[in-house]
Every structure is written in C-alpha cells, then in structure tokens.
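Residue strings, one per chain:
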Amino acid sequence: MDDEAGFGRISQTADPISSSGQQHAMEAPNELWEWLRLLNRRKALIIGSGLLAVALMALIIAQATPMYKASARVMLDTRTFTPVKAEAALSGVDTMNMGAIQSELEVIQSEFLIGRVVDRLGLASNPEFNGSKPPGFLDSSLAPIRELWHSGIASLLAPPRARAPQASPAAPTRNAKADDSDPGRRTAIGTVAGHLTVSLLGRTFVIVITVESTDGTMSARIANAIAEVYLADQVDNKNEANRRATEWLEERLAELRRNLQVAEEAVISYRRDKGLAGSPEGVVSTQTLSDLNQRYIAAKTRRIEKESRLVALSKASLNPNEVANIAEVANNATLSTLRQQEADLNRRIAEYQTTFGPNHPKVVQARAELASVRSRFLAATQSITLAIRAELDAAKSEEEELRAQVEKSSVMVGATSQYEAELKQLEREAQSNRALYESFLNRFKELREQQDIQRADARILAYAWPAGAPSSPQYKTGLFAAFLIGCLLGMAGAVAAEKLDRVFRSASQVEKATGVAVLGMVPLVKGSAGGLRSNIVTQVLDRTTSSAAEAMRAVFTAISLSNLDRPARVIAVTSSTPAEGKTTFAAALGGLLTKMNASRRVLLVDLDLRQAKLAVALGLKDRGGTIDEYLMGTKTLDECIHRHDVSGVDYICARADTPNAPEILESHAMKAALATFADRYDLVILDSPPVMAVSDARIISQLADYTIFVVHWAKTPRDVVKSAVAALLGVTDRVGIVINKVNLAKHALYEYGDYGDYYSRYNSYYGANPNPRGGSAGGGGSGAGGLRERPQAEPGRPLRAAEDESGIAKLKRIVPRVK
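This structure is a prediction, so every number in the text was calculated from the model and none was measured.

**Q** I would appreciate a short explanation of the overall build of the protein chain in the present structure.
**A** A count of helices and strands for the protein chain gives 32 helices and 12 strands. Burial status across the protein chain gives 41% buried among its 819 residues. Once local pairs closer than 6 in sequence are excluded, the contacts in the protein chain between residues at least 24 apart make up 82%. Summing over all exposed atoms, the protein chain offers an accessible surface of approximately 43800 Å²; the carbon and sulfur share of this is 54%.

**Q** Would you mind showing me how to read the sheet that holds strand β2 (residues 196-200) here?
**A** Either a parallel or an antiparallel arrangement is found when strands of a sheet pair, and the pairing is made through backbone hydrogen bonds. The four strands are arranged β2-β3-β1-β4 in an open sheet whose pairing can be described as antiparallel. Edge positions in the sheet fall to β2 and β4 (458-462), since each has one partner strand and no second. Each strand of the sheet is rotated relative to its neighbour by a mean of 25°, with strand direction disregarded. Where strand β1 (residues 68-76) and strand β3 (residues 206-213) come together, eight bridges link them in antiparallel fashion. Bridge pairing in β3 links K69 to E212.

**Q** Sorry, what's going on with the packing of aromatic side chains here?
**A** We describe a pair of aromatic rings using the distance from one ring centre to the other and the angle between the two ring planes. Counted according to the given criterion, the structure contains two aromatic pairs. Here W248 and F440 contribute two aromatic rings whose centre-to-centre distance is 5.6 Å and whose plane-to-plane angle is 50°, an arrangement assigned as tilted. Remark: F440 occurs in helix α16 (residues 361-449) and W248 occurs in helix α12 (residues 216-274); sequence separation between them is 192 residues. You can call F440 buried: its relative accessible area is 12%. When the ring centre of F440 is taken as origin, the NZ or CZ atom of R252, which lies over that ring, is 5.9 Å away. Of note, R505 hangs over the ring of W713, and the distance from its end group to the ring centre comes to 5.7 Å.

**Q** Looking at this model, I keep getting lost on the nonpolar core. Mind explaining?
**A** Soluble globular proteins: nonpolar side chains tend toward being buried together. M552, I559, F585, L589, L604, I685 and I708 are the most contacted members of the largest nonpolar core, which has 41 residues in total. Grouped together as the second largest cluster of nonpolar side chains are 37 residues, A72, I114, A188 and L231 included.

**Q** Would you explain a nonpolar patch on the surface in this entry?
**A** Taken together, the side chains of F480, L484, L488 and M491 define a hydrophobic patch exposed on the protein surface, amounting to about 390 Å² of accessible area. In this fold, L484 is placed in helix α17 (residues 475-499). Residue class for L484 comes out partly exposed when judged on its relative accessible area of 43%.

What counts and what doesn't
- Residues numbered from 1 in each chain as written.
- Predicted model: local features only at pLDDT ≥ 70, side-chain atom pairs only at ≥ 80, totals over all residues.
- Heavy atoms only, no water.
- Helix = DSSP H or I, 4+ residues; strand = E, 2+ residues; numbered from the N terminus.
- Buried < 20%, exposed > 50% of the residue type's maximum accessible area, 1.4 Å probe, protein only.
- Contact = heavy atoms within 4.5 Å.
- Areas by Shrake-Rupley, 256 points an atom, 1.4 Å probe, with all protein chains shown as cover.
- Pairing = 2+ DSSP bridges.
- Axes fitted to C-alpha atoms, helices over the stretch in contact; angles between N-to-C directions.
- Phe/Tyr/Trp six-rings, centres within 6.5 Å; stacked < 30°, edge-to-face > 60°.
- Lys NZ or Arg CZ within 6 Å of the ring centre and 35° of its normal.
- Core = buried A, V, L, I, M, F, W, Y, C linked by side-chain atoms within 4.5 Å.
- Patch = residues over 30% accessible without salt bridge, like charges linked within 9 Å, V, L, I, M, F, W, Y side chains within 5 Å.
- Salt bridge = Lys/Arg side-chain N within 4 Å of Asp/Glu carboxyl O.

Shown next, in the form of structure tokens:
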C-alpha cells in the first residue's frame, strides 16, 4: 500500500493540463482583472438595472410639471472688521469670517424674512403657494424622490432641520400673532422656503438667491423681493442696535464717571496721609541701606580674619616648632633673631656635651643662656597675641554697630516701599478708570454722530429676470443619472451575488476546498428530447472527438498514469447528491473507452441498489438479469451480463429498491463477484449511489481500486462536497474529482485557466465527426492506458458469484428471493 499513499492528492501530477491549471491557481490573482471579469459575467444584471432605472425616470419626467428658475445676486461689503470702532455695535457683517457669511445665508432663508416677502407680494392668496391647488397623483407619490433629487440623500437619512423664525425687534408682536394664526400664510412660507436656494458664488462674496416656481415671472418677483427685504432688514436691525447701544452707553458713562472720581480722591488722600507727596526720601534711604550693607560685610570679613589668626597663633603656642609658620612670627625681626640665637645655643650645647660632658660649666652656662632666649621669645609671642586679640575686639564692635544700623535702615526702607507700592496701585486704578471712561465717551460720541447715517452691509448686484426655458425636468441629465444609479445598484447586486456564491466554478476552488486533485472537467452535453440520459450518452458515443469525449478520456488517462505499477481495474463512480450526472458519466465513459479501443473489455455494473438508473442511461427497455440475482445465485454471470449495441460495452443492471443493500454490498459474495469481474475484464466501472444519501458509496469505495467523485458544476454546495469528500477519504485515499456539466459559455466568463477554459477557448480544435475505431488521448490498448486484453472465459462454463455453497446460502438469508 506504500505505492498508493497520497494517490489523488493535489501534489500528484495527473497530466500536463492539470499541472498547468494548478500552477495558474497558485499565481497571485490580478484584482483589476477579477473585477472586470465580475462585471462582464454580471453585465446582464447591471445593464438591466440601468435600463429599469431609465424607464422609471422617463415615467417621472413625463408626468413632471415644468419649473422655471430666476436668480438675483447680492454682494456683501468687503470692509475689514475692526472691533474698536462704532460699526461693531451696529450689527455689521464680518465678511472675512466664513461663519458670519453662512449666518447671512441662514438669515435670507429664515421664516421671518420669507414671511415679509409673502406679505409684500400677497402670496398667501395665491393657489400655487397657499396649498389650495390640488396636486396630481404622480406629484404626490413622487414627492420623496423629488426631494432626494433637489436636496440630496442626507435629507432622507436625517429629519429636516426645523428653522426657527427670526423675529425682528421692529416687528410688532400683534402682527406676528395674527400671522401665526393664518394657515394660508404658513403654507405659503413653507412653499417659498422649499423652492428657495441661497448659495455663494464660488469663492466670492456674492450671494445668489434662486427661486423656482411654475411661473417664470413670479420666480423673478420673489427673488427680487427677497433681496430687497434682506437689505431693508439689515438697515432696520442697525437702527435698533444703534438705539440700544446709545442707551446702554449713557448708563455706563455715568457709572464710569463716578468710579473715576472715587479713584482719584483715594490717591490724593493716601499721599497726604503717608507723607509721600513728591518727596525723594525713599530713594535716599535705599542708597544708604546699600552702603551700610557693604560696610557691614567688610567688617564681618575683617572679624573673621582676626579670629582665624588668633586661633592659629593659639595652636602654635602649644607647639613651638609650628610657631615659625605663623605670619606674624615669621615677619617679626626680633623673633627671628631670638630663633637664630636659640638655634646657635642648641648647637653649642650639643658640641660642649660631646667634648666636655653634660655637667661641664660651659654646658651649664649655655643652657642658662638658652632658657633666657626662650623666655624672651615667649614674651614677644604673647605680646603679638594680645595685639591680635585687641584688633579682634575692635572688629567685633564695628560689626555690631554696623549691623544695628542696617537693621534700622531696613525697617525704614520697607515701610517706605510698602507705601509707595500701595500708592502706585491706587494710581493704576485711577488711570484705568480714566482710560475706560474716555473710550466709552468716544464711542458714545461716534454713535451720536452716526445715528442718522445707516446703510446695509450689502447691495443688489443684479436683479432677477424671468427665464425663457424651464429649468426642470432636465431630460438628458435625468436619464443619464438614472442609468448610472441603476448600473451602480446592479454592480452592488452583482458583487453581493458573487460573495454569496457557495458553489464550485473552477478546479482550483475544488482542490483548495477539499485537498483532492481534479481529474478533469466534463462540458455540458445537451441531448435532444429534453436532455435524457440515453440521448446524452448517445451523443458522446457518436461524437468521439468532441470536448466532452476528450474530457472523459483525459479523466481515464489521469487515473491510468497515476500509478503505472498497479493500474486501477475497478473504478467506482459516485457523487455527493443525486442528479449530478454520475450514472450518465459512468455509462458514457465505459461506452467511450470500449468504442475507441475494441480490444479493451469494459464492464459497467449498476450498484445503485436504491435507484438503478444505468438502464435508463443506456436507453434499455429490458434490464435482463440483475446484480442481486447473480449474487443470490439464481442466475449465472452470462445470463446477467449483456452488451450495449451502440458502444459494445458489457453491463449488469440492478433492481430498484433492493432490500438490505448495505448487507449485500458487504457480503463475501460481492467481493468474490468483483474479483471475478476484474479477472474477466480489463476495466470494471461501478455506478455507486450518492455519498450523502446512503452509506453504500463508502462500502463500494472500499471495494474499488479507485473512486471518481462527480461534482455538478455551479450547483452542488461547497459544504456538501467537502463533507462527502471527507467521508470518502475516511475509507480510501485513492479519490479523484470530476467536475461535470460545465457550461462552457458561462465558464469562459471567469477565465480560470483550467480544463473548462481550454475547452471553451479552443472549442474549434475538437472535431465533430465520429471516429469509432480511431485512437484517443486516453486511450488506446495497452499503450497509454497500461491495460492489456484479457482472454474470455470458457464458453461452456457458467460463472457464478461464489463457488462455495456456504456463501450463497448466507446471501439467500439476507436477500429475499425475487420471483
């Protein structure tokens, strides 16, 4: 079994076409080409959606009422906004601020301003605007679509924003209350607002006011009225703002005047109370304190120096040898002389002791002189110490006196600085009040001077004129947009259809999902009389050079070349579900191999004991002896085997609804029968039931040398195929997949580069004339297929399922006798 391991896996190279298909599947796909192929495959859906949208748009346009547009242009002032001038208080428009410009656009579209236009033109009594004109049926039904066309998709996704009416201060309250109670006026305001468009002209400060209605003249009148009312509203707002600003400034000036008087009086009183009225004493005190600090630091330094000298001298007095290191001692001439005398006496004493002995009179005299010298040296040193101590006392006295003076001066300067700081704070407050008072006074004067000189912040650049042609509906633009939107929706549907596609359409998809190699792809053969199985088999046998016949021969060639040492003699054909063409494929394959090579003996055995469709595929009226009858021993093998007239292939049919099918297939008689078939024929093809329907297919796969798994192209679900293949791989590892019923025209749209792509692209390569005796790519004799002709059994000896009576008796107990 070592030479069979891995048979049928993807790593096994079946033929050149299979190898090239696998290499193509391993290449990185081009995403752009994939999208173009998708659009090409679904072009019918895309174009159909576009044409349907065009038809709907044409119906809408045919029933729409012509509308006329008129536009007036208003230009805003481009002066620079200066907040310190009087114009800031007069509601001027900051044309450098886009937020302010957008606010002006909202003012033009406000309900208050449109209401003044409605009152000015009497639109509340016009049937076109007050809602008294009944709308048509189509207009009512297409209102949402028209709103989408004019306002965009956002108007449908989000509720429309309620525009609060901007009540003018100059408008009387009683008139506003009366207007709100008039439903005709409210309807007219809403109608005008719905047909009003206000926008900026490019990157300029020009506002375009566009009104659309069924009357071109009325559209121009409304646009001009809106522009004029907008300018008048600006002047009214400025006058009202001027009046309110003047009143507020008068009150504010009185308050600022009182604050300024209080602040100035506080400065004068503080100067007088603290004695700071113009005196420079603060400056003199500050300079004196600085000098005292410098003198105090110098005295403190001298004191520290004296203390250091005194401490060094006191330590040296304890050790005479270190006295010479003291600066006062080293620089004193008397002490230097005494130290020289002391050194000479020490030398003389040492010489005398060496010469005369320690008690000699000269030695004693020298020692007395040495004591006298040392006494004089000590007295001189003490006098120096007393002098340094006196200097230290003087330095300490000076330091204490200067410190007292510094402390006293610091207290005086601190008090003066605090007074001056408080005085400066009062002066700053007084100056601030004075500057604020003068600023408000200047603004008040400017407002009084410009109270009667007011103008709008915009002017009418161009008045609206009646349009000569309707602005909507736009036939060409509407139809083109409808077609474009329809095509986009069709593309979305096409992408959704591709993503939801759960069937196999190429060999690479099957191999990637199952891990089993694809032996070939058999094109769809459309037989006459409704596509019956017998007609399909007949067409394949009559056209032996067709693409379908060539695909079947390629399948057999791949199986033969997969294992030359041990060629497959018994081949089972199965599928995952019924109606995938496995029986038709098995019948056509057996008949084609026999017809193309007369020396090859092929036997078709129908082991689908549930349905038994082999007789239908071969177009037989009489089944003859069946496989269960042979296994039970009621008929001999020669009585059960028959020969097909068209192809010459031998076959054994089955009986539908055979009871105890799994027990029959697992019996010893079944194994003995297959051994007899393999010994008598070159090739035995077993038609098995579907894998997912019953367990018979897995039993048959164990008995066969090789199993062909048939998959219906673009129909069998992927999950079903993977489950069925996994079930087969659980019992055998010699499995190959055949994709059946491939629609070459549709498959060519995918351009997968597999078997079906070659069959569809080079369809003219395959001839249409039958060649019943010629060779084939899959085929001939003992060459490519590796099969040799088997001698027939002896004609006088009938063959049975088993030679031992025990096996036959056991089978009879399992299957009831058929009468």
